[in-house]
Amino acid sequence: MALSRFLCVLKWQVLAACALLFLQSACFAGDMLTPAERAWLQAHPDIRVAISPDYPPISFLGANGQPTGLEHDYLALIESRIGYQFKRVIPTLAQRAADNPEDKQVDIVPTFASTAARVQSWTFSKPYLDFPVYLITQDNAPIKFSLENSQQQAVSVVGHYAVYEYMKEKYPAVKLDKVDDTCIGLQHVAFGQSAGLLADLPVANWCAKKYNLKNLTIAHAIGFHYELSVASRKDWPQLSSILEKGLASITQVERDEIYLRWNKSVLEKSAYEKYASWVFASVFVLLGLLMFRLYQWDNKLKTSLDNRLKMTHFSETQVSHLTTVTKKVMRTNVMTFAAVVVLIFGTFAYIYYYYDSNHSLVVRMIEVLLLCACLLGGFMLGSMRRRYEADTYYNQLLGQSSKREKVEQQLTQIELRQARQQQALIALTRRQLSPWQDAEDVYREIAQLAAETLEADRASVWLFDQSKQQLDCMSLYIKSKQLHTVAKPLQAKALPQYFKHLITLRVVAADDAYTHPATVEFAIGYLQENNIGALLDGTIWLNNQVVGVVCIEHTGGAREWALDEQNFVGSLTDYCRLIIETCRRRSAEQALMQLSARQEETIAERTQLLRESESRYSYVVQNAPIPILVIANNGNIVDINPEALLAGKYKREDIIGKNFIQTVVAKESRRKALFTAAQTLKGKKFRDIELVLQATDGEKVEFLCSVGLIHRSEEDGTEKMVAIAQNISQQKALQSTLIQARVAAESADRIKSMFVASMSHELRTPLNSIIGFLGVVLQGMSGELNVKQKDQLGRAYHSAKHLLSLISDVIDISKIEAGFLQTHVEKVYLKQLFTEVEYAVMHLAEEKHLALDIDCADHLQLETDRKRLYQVVLNVVSNALKYTEQGAVNVTAKVKGKALIIAVEDTGIGIAEADLSDLFKPFERIESKLKVKTLGTGLGLYLTRKILTQLLGGTIEVKSSPGLGSTFTIKVPLIAPAVLQNSGSILEAPQLQLTTKKQSYKNPSKALLE
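As the structure is a computational prediction, the values presented were derived from the model and not from experiment. (Residues numbered from 1 in each chain as written. Predicted model: local features only at pLDDT ≥ 70, side-chain atom pairs only at ≥ 80, totals over all residues. Heavy atoms only, no water.)

Regarding the side chain of S232
Turning to step 1, where the next piece is worked out: With respect to the helices and strands, S232 occurs in strand β12 (residues 216-233).
Turning to step 2, where the next piece is worked out: Looking at S232, the relative accessible area reads 1%, which means it is buried.
Turning to step 3, where the next piece is worked out: Apart from the residues lying within four places of it in its own chain, the contact partners of S232 are D107, S121, W122, T123, L239, S240 and L243. (Helix = DSSP H or I, 4+ residues; strand = E, 2+ residues; numbered from the N terminus. Buried < 20%, exposed > 50% of the residue type's maximum accessible area, 1.4 Å probe, protein only. Contact = heavy atoms within 4.5 Å.)

Observations concerning the packing of helix α3 (residues 70-82) against helix α11 (residues 252-262)
Turning to step 1, where the next piece is worked out: Where α3 meets α11, the closest approach of the two axes is 9 Å, and the angle between their N-to-C directions is 150°. Taken together, α3 and α11 sit at an angle that is classed as roughly antiparallel. The handedness of the crossing between α3 and α11 comes out as right-handed. Residues L70, D73, Y74, L77 and R81 of α3 form the contact with α11, whose own contacting residues are E254, R255, I258, Y259, R261 and W262.
Turning to step 2, where the next piece is worked out: Taken together, the residues that form the contact of α3 with α11 break down as 6 nonpolar, no polar and 5 charged. (Axes fitted to C-alpha atoms, helices over the stretch in contact; angles between N-to-C directions. Parallel < 35°, antiparallel > 145°, perpendicular 65-115°, else oblique. Left-handed = near helix turned anticlockwise from the far one by under 90°. Nonpolar A, V, L, I, M, F, W, Y, C, P; charged D, E, K, R; others polar.)

Observations concerning unusual backbone geometry
Turning to step 1, where the next piece is worked out: Positive phi, close to 55°, is recorded for N531, a residue that is not glycine.
Turning to step 2, where the next piece is worked out: Tracing the sequence through the fold places N531 in the loop between α18 (523-530) and β18 (532-542).
Turning to step 3, where the next piece is worked out: Its identity is not glycine, yet H849 carries a phi of approximately 55°, on the positive side.
Turning to step 4, where the next piece is worked out: In this fold, H849 is placed in the loop between α27 (830-848) and β26 (851-855).
Turning to step 5, where the next piece is worked out: Look at H849 and you get exposed, because its relative accessible area is 72%.

What to know about the environment of D865
Turning to step 1, where the next piece is worked out: As for its position among the elements, D865 is in strand β27 (residues 861-865).
Turning to step 2, where the next piece is worked out: Remark: the alpha-carbon pair of D865 and T823, spanning 42 residues in sequence, is separated by 6.0 Å.
Turning to step 3, where the next piece is worked out: Engagement of the side chain of D865 in a polar contact is seen with the backbone nitrogen of H824, the distance being 3.0 Å.
Turning to step 4, where the next piece is worked out: There is a polar contact of 3.3 Å between the side chain of D865 and the backbone nitrogen of R868. (Polar contact = N/O pair within 3.5 Å; in protein donor to acceptor, adjacent residues only side chain to side chain.)

Looking at the confidence of the model for the chain
The predicted structure's coordinates, where accompanied by low pLDDT, should not be read in detail.
Turning to step 1, where the next piece is worked out: Within the chain, residue pLDDT values average 76, and 72% of them lie at 70 or more.
Turning to step 2, where the next piece is worked out: For the stretch residues 1-30, pLDDT sits under 50, and the model shows 11 contacts to residues farther than four places along the chain or on other chains.
Turning to step 3, where the next piece is worked out: Low confidence marks residues 982-1010, where pLDDT is under 50. Its contacts with residues over four positions away, or in another chain, come to 52 contacts. (pLDDT = per-residue confidence, 0-100.)

Following this line, the structure appears as structure tokens:
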């Protein structure tokens, strides 16, 4: 049964392996061939392959007439690899003798030897079959048989094989027996017509098996090989490449399988065949020794079992059970004996079938000996198995008996321990039912009961502090000294593993305290000092948190803590938890009583304060100099102070209970009052709401009101609003007067700026004439001047130029403020503009021997007012040169986003942080040591900032440190603002929003004209 199941499983495994190999071969071609090679195969559907019908086992026709052999297996593997089926053709004798494809009328020759003539027409692959040629002789031939001996008998050789030419060339003195094929040559050797045959093993083995030639053997190899390749047409190089890939894909394992499949070794003698008699003798000796040893073992087991049965008295049930087991063993032995008989008869059949018939007497002797050994072995095996099973069962009975006695002893000990534990718990329960005592006394009693009940020398109770980082000892009892004491606190930072186990485990049972991970930290010091070998710790849990530990310490060595002992410690922790809860409850009750007393005192104090507060509130409301009204959520007036009655000329009895909006608010403000009341009831607070209120005589007065919610009424449960008002009629009138005065002042300032801007021609023309005529006189065009005259006229000339610059700055500022300064947007090349600035200020740099460095890319450009940008850069650069005594002035320009950034950095005297706020103010010059030496009016940077911010849409910033220099950063948009491009002016008249009681003006000039 087992053998058939094994064969079935083996069959399915073989089928699965074949299927796997088929799938691998089917998938391999797609990965191996290129698209071009696959297309070439599709274009050539009928590729012919030559099949040899009479070259077994390399290639021949089987019983069904189909090609088979070693060549066919290789060809099938190549087809599976490339995914293509060749057309098989059996050439005629004339076609097989031809050397070119046209005469052979085939495209592929699977097994072809390479020669000089064939290479002209065929492309040969690497040799895939390599058959060494061996000398095959009779098995009783002399060992020193050699081809060099020319005196010996002739050697058979197939005449049309290459080995024939090899022998004629290499061994001309050897007599050759020329035969037509290998099978005839083997028959010559077997029947003594020749001394040996030169052939390859696959063909020789096939012939020896076919003709049942058994007296042949392989002498040695002669050094000659048949190397066979796959040949393809010379004019089809693609086919040669495909065949090479197919051959390369065949693994060595597959090659070995094909070779072994067709090379069934018949000529090689195995060691067993050579030394069969010695093998049989060895088997008989070993079998005899085994039987003798089994006999000794059987007698020994029988004697041992008899002795034990004499010494032991079994019950009737045990004897009956032992008899049943013996009968089962007998049945098993009979089946085993039958299996052994079947196996031996199978061995007989195998030996009879494969052993030489000439040795039939030996076969019969072996059969008789094996049959005797089988009978003796079966008998002894059965006897041995019976004694072995009986002895095993006997040992089991003894083991069960000893285990039962041990378990009974353990149960007795457990019952005694549980009785002591129950008595201890009853004592603790009675203590709990008695009047309350101090918690420390209870902890001492728990420690003493635990030590006495568990027969441990030390027991203690520990509680965590608030931080959970320290355990404080409440009580420690030492039984050997009958002493109640306490121990030092335990710190979490010193015992991290112990604390970690406490907060995660219910019970820590350390049978060996020196090796347990939770207590190993106590090994050095505490355990050695107190001779402690085992620890049992039960954690006290309260509200899902560990609050303490009950610790039992056993002295004198390791101890195994039983489950009932661990449960007892758990009961003690529960009792401790009840004690802690009781203590906390008593503390909470005392704290609650104290809190209740304090709350009564606080309520009395707050009642008194509330009365005083109400009294103050009533006084403030009644005597406040501003109107105050309390309004219900339905809009009715609940309360009103005397100031409100006076302002509205109301009587209290006429106003209380009336609707606030309908009675007090004028019609033009009622909508705003309704919205404010609705939002106030939602919890929103309002301040400074302007409302027009009316008195009883119809007079309307403007009030500034604040509205908010006050407390919920205890009488009806509704919320109330409080409104506080302030009369702003006089303030409104004063504000209107101030606005009119400001409009007049701003209009006058604007008229001044307009006047200065319009007088630019009248101011500049006389100065230009004076400067021009002074220049003519200084050049000597009106006559020669002496030195004194030139000096005086030169001073007048420079003063006039300075005055012209000052007037130009003032006029530009006035035009900007008046909105008269025109701008013209154009495309500006920054490099050219910087060149002009450098030329204009070069004389200042040369006079002070300063370096002026300008870093600007050639391609930088922007759309803006070129004249105003030049004026801004010139002012900043010249200002940097004026206030720099030594060093350099660096000017850099770069684009960042949609803006141009110009940085002017100097190494001058710098500016203090306190003076930076005055830097861009008109007529302001910062105090410095160069203030006297450097001419200026304090308008340059002011004008620069005006032009940048109001004309060019840019900004200017400065960073400076005294003694280290300053950096001015100018930021200008790359494209001018739309108002600059559309109107030609960056600034219109300044717009102001002026509000009065009756009218509003957006243009102060218009207001002034009106």
